[in-house]
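# A closer look at the structure
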2 protein chains.
Amino acid sequence: MPEARRGTIAIEQRVLGRNDEAAQRNRAFFRERGVGVVNLVSSPGAGKTTLLERLLGDLRERVRMAVVVGDLQTDNDARRLRGKGARVEQITTGTVCHLEADMVWRAISTFDLAELDVLIIENVGNLVCPAGYDLGEDVRIAVLATTEGEDKPLKYPTMFKSAHMVLINKTDIGGVVGFDRDAALQSLSRVAPQAATYEVSARTGQGLARFYDDLLARLRPA
Amino acid sequence: MPEARRGTIAIEQRVLGRNDEAAQRNRAFFRERGVGVVNLVSSPGAGKTTLLERLLGDLRERVRMAVVVGDLQTDNDARRLRGKGARVEQITTGTVCHLEADMVWRAISTFDLAELDVLIIENVGNLVCPAGYDLGEDVRIAVLATTEGEDKPLKYPTMFKSAHMVLINKTDIGGVVGFDRDAALQSLSRVAPQAATYEVSARTGQGLARFYDDLLARLRPA
């Protein structure tokens, strides 16, 4: 391994170590206040924001929610998600390819957690970087769109290995894009046997009911 | 800005500085040998490999090509691209979210450049990290799939700002996924006015002829 790369890795490990400490602080803080936390990760354009648009409407009678959205630039996603009864905060990261536990900590500093059951963090669209950054969440959900192809869990294993739940999204157009469902399920069971998998369409709502029930059960254990 | 993040940025700048030096060495080396170099970047699943499968067949009578493919894991892409008359080398980066100039240098160490006109580097699928890493290429091509949504240039501006050419891919299913073509072109002309834009389908071949001609003109200036 070249010197430069070895140095970079040592530094990355220190940064990750600091993030882990901040994530533990977040986790203890949220648990103490009874707030269940979700970290939602995927490639750009896999449908995270469309899913949240629907979820905020569908679950608003069952839980009190807030959202923190991460993007390099723009507050497009926060604007899309507002007006659905949940507080929404945008984090813009500039050139940073993932959210970090400290960014979440600062974003929620003015939230009244006593009025909250569930905090959903929509991470920066990226199948690589967010994998190593614990935000203090209870449940990590990775979204894989049928339009991305069935081989992505094999090519980006770290992200899928770290997920509690995997959503195969855009199933309504899986046929049109030639998505090989069996190969995708096989890849997932190989790379991420720990994850519960759901085939859904955030656009049509198909398959979401069972996902919602399981998600709430994970966030609010009896 | 917190101390940890400031330290990280200083380190990133040193790493980028070292990469820039390696990229300059690559560029001088390739120019001296008359090899035109392409750096192909996009989100996971935007269609880079499908594009290359077609391009290698379509251009094999016009130029002698080789490909270096970057992925975190698997040599799926290299296997897809072999048997089309071009040498293909796979780089697996582990957890690194981009290719670096030194990785390319090592991958081509056994290539006979005298037998080559064009080297195409397919980067790791990621709309963030590869933006800052010059590989010594002549032409950087960013691929945006209609399935990702028309707002991606605004949300990931650094990548599109650094591209010489932008391919809007999967135009054959743009209608099905509700892609807003005008909004996409407007986003691109705002964020990346320097880039020539092509609307193509790597799957059907639509729109590729003009792209090929322009690409070869950029790589082999008269």
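Summary of the structure given here. Source: prediction; values computed, not measured.

The rules behind these values
- Residues numbered from 1 in each chain as written.
- Chains lettered and ligands numbered in written order.
- Predicted model: local features only at pLDDT ≥ 70, side-chain atom pairs only at ≥ 80, totals over all residues.
- Heavy atoms only, no water.
- Helix = DSSP H or I, 4+ residues; strand = E, 2+ residues; numbered from the N terminus.
- Rg over C-alpha atoms; globule rule 2.2 N^0.38 Å.
- Buried < 20%, exposed > 50% of the residue type's maximum accessible area, 1.4 Å probe, protein only.
- Contact = heavy atoms within 4.5 Å.
- Lys, Arg positive; Asp, Glu negative; His and termini not counted.
- Charge placed at Lys NZ, Arg CZ, Asp CG, Glu CD.
- Phe/Tyr/Trp six-rings, centres within 6.5 Å; stacked < 30°, edge-to-face > 60°.
- 1 Å grid on protein atoms, 1.4 Å probe; cavity = no way out; pocket = protein on both sides within 12 Å on 5 of 7 lines; lining within 4 Å.
- Points joined across faces, edges and corners; volume = space filled by probe spheres on them.
- Pairing = 2+ DSSP bridges.
- Right-handed = clockwise from strand over helix to strand, strands pointing away.
- Salt bridge = Lys/Arg side-chain N within 4 Å of Asp/Glu carboxyl O.
- Expected span 1.5 Å × (residues − 1).
- Arc of directions from axis to C-beta.
- Disulfide = S-S within 2.5 Å.
- Axes fitted to C-alpha atoms, helices over the stretch in contact; angles between N-to-C directions.

## A look at the overall build of chain A
The helix and strand inventory of chain A stands at eight helices and seven strands. At 17 Å, chain A has a C-alpha radius of gyration in line with the 17 Å of a compact globule built from 222 residues. With respect to the three principal axes, the spread of C-alpha positions in chain A is 50 × 45 × 35 Å. Looking at chain A as a whole, 58% of its 222 residues are labelled buried. A separation threshold of at least 6 residues defines the contact pool for chain A, and within that pool the share at least 24 residues apart is 73%. Positive and negative charge centroids in chain A, built from 30 and 30 side chains respectively, lie 1 Å apart.

## Things to note about the packing of aromatic side chains
Residues and elements named next belong to chain A. Summed over the entire model, instances satisfying the criterion amount to eight aromatic pairs over all chains. Taking 6.1 Å as the distance between ring centres and 70° as the angle between the ring planes, the aromatic pair formed by Phe29 and Phe30 counts as edge-to-face. With a centroid separation of 5.6 Å and an interplanar angle of 65°, the aromatic rings of Tyr198 and Phe211 are classed as edge-to-face. With Tyr198 in strand E7 (residues 196–199) and Phe211 in helix H8 (residues 208–219), this pair connects stretches of sequence that are 13 residues apart.

## Regarding the layout of surface pockets
Roughly 600 Å³ of volume is contained in the second largest pocket. Lining the second largest pocket are 36 residues, with Glu148(A), Gly45(B), Thr50(B), Arg80(B) and Lys170(B) sitting closest to its centre. Elements with a minimum of two residues in the lining of the second largest pocket: helix H5 (152–155) of chain A together with helix H2 (48–59), strand E2 (65–71) and helix H3 (76–81) of chain B. The dominant element in the lining of the second largest pocket, judged by the number of residues it contributes, is H3(B), at four residues.

## Observations concerning the pairing of strand E6 (residues 165–169) of chain A
All names here are of chain A. A large share of E6 lies buried, amounting to five of its five residues. Here E6 shows no split at all, with Met165, Leu167 and Asn169 on one side and Val166 and Ile168 on the other all buried. The pairing of strand E5 (residues 139–145) with E6 spans five bridges and is parallel. Residue pairing for E6: Val143 is matched across the bridge by Leu167. Pairing of E6 with E7, which is carried by four bridges, proceeds in the parallel orientation. Pairing of Val166 across the sheet is with Thr197, part of E7. Of the crossover connections in this fold, the one passing from E6 over helix H7 (residues 181–191) to the parallel E7 is right-handed.

## Overview of the pattern of salt bridges
A full pass over the atoms with the stated rule returns 38 salt bridges over all chains. Notably, a salt bridge pairs Asp213(A) with Arg62(A), separated by 2.9 Å at the nearest N-O pair. With Asp213(A) in helix H8 and Arg62(A) in the loop between helix H2 (48–59) and strand E2 (65–71), the pair connects residues that are 151 residues apart, well separated along the chain. Taking relative accessible area as the criterion, Asp213(A) reaches 40% and is therefore assigned partly exposed. Residue Arg33(B) pairs with Glu32(B) through a salt bridge whose shortest N-O separation is 3.6 Å. One network of salt bridges, with partners in common, ties together Asp71(A), Asp77(A), Asp151(B), Lys152(B) and Lys155(B).

## Structural notes on H8(A)
Residues and elements named next belong to chain A. For H8, built from 12 residues, the straight-helix expectation of 16 Å at 1.5 Å per residue is met to within 8% by its first-to-last C-alpha distance of 16 Å. Residues Leu208, Phe211, Tyr212, Leu215, Leu216 and Leu219 constitute the buried set of H8. All buried residues of H8 lie within an arc of 125° about the axis, which places them on one face of the element. Across H8 from its buried face, at more than 90 degrees, point the exposed residues Ala209 and Arg210. Looking at the buried side of H8, the elements it contacts are strand E1 (36–42), H2, strand E4 (118–122), E5, E6 and E7.

## Let's talk about the state of the cysteines
Covalently bonding the sulfur atom of one cysteine to the sulfur atom of another cysteine gives a disulfide. Residues and elements named next belong to chain A. Scanning the model with the defined rule gives two disulfides over all chains in all. In this model Cys97 forms its disulfide with Cys129; the gap between the sulfur atoms is 2.5 Å. Given an S-S torsion of about -100°, the disulfide between Cys97 and Cys129 has left-handed geometry. Of this pair, Cys97 sits in the loop between strand E3 (87–92) and helix H4 (101–107) while Cys129 sits in the loop between E4 and E5, and the two are 32 residues apart along the sequence. Residues Cys97 and Cys129 agree in their burial class; the two are buried.

## Considerations on the sheet that holds strand E1 (residues 36–42) of chain B
Residues and elements named next belong to chain B. With parallel pairing, seven strands are arranged side by side in an open sheet as E3-E2-E4-E1-E5-E6-E7. Only two strands of the sheet have a single neighbouring strand rather than two, namely strand E3 (87–92) and strand E7 (196–199). Strand after strand, the sheet turns through a mean of 20° between neighbouring axes, direction not considered. The pairing of E1 with strand E5 (residues 139–145) spans five bridges and is parallel. Counted as the bridge partner of Ser42 is Val143 from E5.

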